[in-house]
Amino acid sequence: MFDMDGTLVDSEKLKSQALVKACSHFGGLVNVDTYKAVMGESWEQVTNYFFTKAQIAPDFDKFNSVFKHDYQELLFQKLNPNPYVFEFLSVLKERGKKVGVVSSA
């Protein structure tokens, strides 16, 4: 079993960028390092932390919609596998190993 974020792909930095961009959309100002304090926490904890730091109080559903759009755009444009992921998974496949992907998200 492999964790997706941070193990197979480095999507956490993109999530941080999308959070910053979404906060900006609602008039808040935070930087990408803000995410380090809540990485791995529940989405509710993450967004509440960002809302507090950015001093914003957006509608949760509207924020999620903006975030989702921004995050998907970044994933499409910039997401790459971590080094040697394809090679390692190929070796596992050759050996007949079953693999799974998990995520706390």
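Shown above is the structure to which this text applies.
Residues numbered from 1 in each chain as written. Predicted model: local features only at pLDDT ≥ 70, side-chain atom pairs only at ≥ 80, totals over all residues. Heavy atoms only, no water.

Side note on the environment of S16
Here comes step 1: Structurally, S16 is set in helix α1 (residues 12-25).
Here comes step 2: Note: C-alpha distance between S16 and T52 (36 residues apart in sequence) is 15 Å.
Here comes step 3: Dropping the residues within four chain positions of it, S16 is found in contact with V32 and Y35. (Helix = DSSP H or I, 4+ residues; strand = E, 2+ residues; numbered from the N terminus. Contact = heavy atoms within 4.5 Å.)

Considering unusual backbone geometry
Here comes step 1: Unusually for a residue other than glycine, Q55 sits at a positive phi of about 55 degrees.
Here comes step 2: Judged by its relative accessible area of 72%, Q55 falls in the exposed class.
Here comes step 3: In this structure, Y84 is a non-glycine residue whose phi angle is positive, near 70 degrees.
Here comes step 4: Inspection of the secondary structure puts Y84 in the loop between α3 (60-78) and α4 (85-94). (Buried < 20%, exposed > 50% of the residue type's maximum accessible area, 1.4 Å probe, protein only.)

Here's the deal with the nonpolar core
Here comes step 1: Of all hydrophobic cores here, the largest spans 19 residues; its most connected members are L19, C23, F50, F63 and F67.
Here comes step 2: Among the secondary structure elements, those contributing two or more residues to this core are α1, α2 (43-54) and α3.
Here comes step 3: Looking at this core element by element, the count peaks at six residues for α1. (Core = buried A, V, L, I, M, F, W, Y, C linked by side-chain atoms within 4.5 Å.)

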